[in-house]
Amino acid sequence: PDSLRSWWARTDPANLDKESSRSGRCEVLRRVAKLLLPDDRVLDLGCGPGLLAREAGRRDISGVEMSPGMVVAARDWMDEVVPDNLLEHYPLEPPDVVVLCNVLEPYPADIR
C-alpha cells in the first residue's frame, strides 16, 4: 500500500475526475449506478472523489478511500467516507452491494 499511497498523494481529485470522464470510466459508473436498487446499502471500495455516488445521485453510498485528498473530494458527494485501505476495511454493518469499480485502471502500469 505504500506505493499506492504515494501515487494517490500526487493525484489531484479534479484531474482524476476529468480523466475518468475522458476515458469512459464515468460511463461504466453510470451503468453500475443503474443496477443499484433504491434501498441497497452500498459500499464503494476505492471510491476516489465520489464518482459513483455522483453518478447515482445518492449521498447514502458509503465510501472507503486511502487518499486524504480523495476523501475530502468524495465528501462533496457522499455522507460517509472512511479513510482506510480497501484491502483491510471491515464495515460495521454488512452492505447489500459492494462496488470495486475503476480502482486499478487509473494507476500507471508500473504500480498495477
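In case you missed it, the structure is sitting above this.
Cut-off values and rules
Residues numbered from 1 in each chain as written. Predicted model: local features only at pLDDT ≥ 70, side-chain atom pairs only at ≥ 80, totals over all residues. Heavy atoms only, no water. Helix = DSSP H or I, 4+ residues; strand = E, 2+ residues; numbered from the N terminus. Buried < 20%, exposed > 50% of the residue type's maximum accessible area, 1.4 Å probe, protein only. Contact = heavy atoms within 4.5 Å. Areas by Shrake-Rupley, 256 points an atom, 1.4 Å probe, with all protein chains shown as cover. Salt bridge = Lys/Arg side-chain N within 4 Å of Asp/Glu carboxyl O. Arc of directions from axis to C-beta. Phe/Tyr/Trp six-rings, centres within 6.5 Å; stacked < 30°, edge-to-face > 60°. Lys NZ or Arg CZ within 6 Å of the ring centre and 35° of its normal. Polar contact = N/O pair within 3.5 Å; in protein donor to acceptor, adjacent residues only side chain to side chain. Core = buried A, V, L, I, M, F, W, Y, C linked by side-chain atoms within 4.5 Å. Pairing = 2+ DSSP bridges. Axes fitted to C-alpha atoms, helices over the stretch in contact; angles between N-to-C directions.

A. Summary view of the overall build of the chain. Along its length, the chain carries 5 helices and 4 strands. Listed N to C, the secondary structure of the chain is α-α-α-β-α-β-α-β-β in terms of helices and strands. Out of the 112 residues in the chain, the part that is buried amounts to 42%. The long-range fraction of contacts in the chain, counting pairs at least 24 apart against all pairs at least 6 apart in sequence, stands at 53%. Total accessible area on the chain is roughly 6,600 Å²; 54% of this is exposed by carbon and sulfur atoms.

B. Region of the structure containing the pattern of salt bridges. Applying the stated criterion across every chain, the model contains 8 salt bridges. Within the structure, one salt-bridge network assembled from shared partners comprises Glu27, Arg30, Arg31, Arg54 and Glu55.

C. Highlighting helix α3 (residues 25–35). When α3 is considered as a whole, its buried residues turn out to be Arg25, Cys26, Leu29, Val32 and Ala33. Axial view of α3: buried residues confined to an arc of 115°, hence all on one face. Projecting away from the buried face of α3 at angles above 90 degrees are the exposed residues Arg31, Lys34 and Leu35.

D. Geometry of the packing of aromatic side chains. For the coordinates displayed, the defined rule picks out 0 aromatic pairs. The lysine or arginine in question, Arg54, covers the ring of Trp77, its NZ or CZ lying 5.8 Å from the ring centre.

E. Seen up close, the side chain of Glu65. With respect to the helices and strands, Glu65 occurs in strand β2 (residues 62–65). A distance of 2.6 Å separates the side chain of Glu65 from the backbone nitrogen of Gly48, its partner in a polar contact. A distance of 3.2 Å separates the side chain of Glu65 from the backbone nitrogen of Ser67, its partner in a polar contact.

F. Looking closely at the nonpolar core. Counting 17 residues, the largest nonpolar core has Leu52, Ile61, Met78, Val81 and Val99 as its most contacted members. Top contributing element to this core by residue count: α3, with 4 residues.

G. Main features of the sheet that holds β2. If you walk across this open sheet you meet the 4 strands as β3-β2-β1-β4, and the pairing is parallel. Each having just a single partner strand, β3 (80–83) and β4 (97–99) make up the two edges of the open sheet. For this sheet, the mean inter-axis angle between neighbouring strands, taken without regard to orientation, is 20°. Relative to β2, strand β1 (residues 42–45) is paired through 3 bridges, and the arrangement is parallel. Within β2, the position partnered with Asp44 by the bridge is Gly63.

H. Broad picture of the environment of Pro94. Relative to the helices and strands, Pro94 is located in the loop between β3 and β4. Separated by 51 residues in sequence, Pro94 and Leu43 place their C-alpha atoms 9.0 Å apart.

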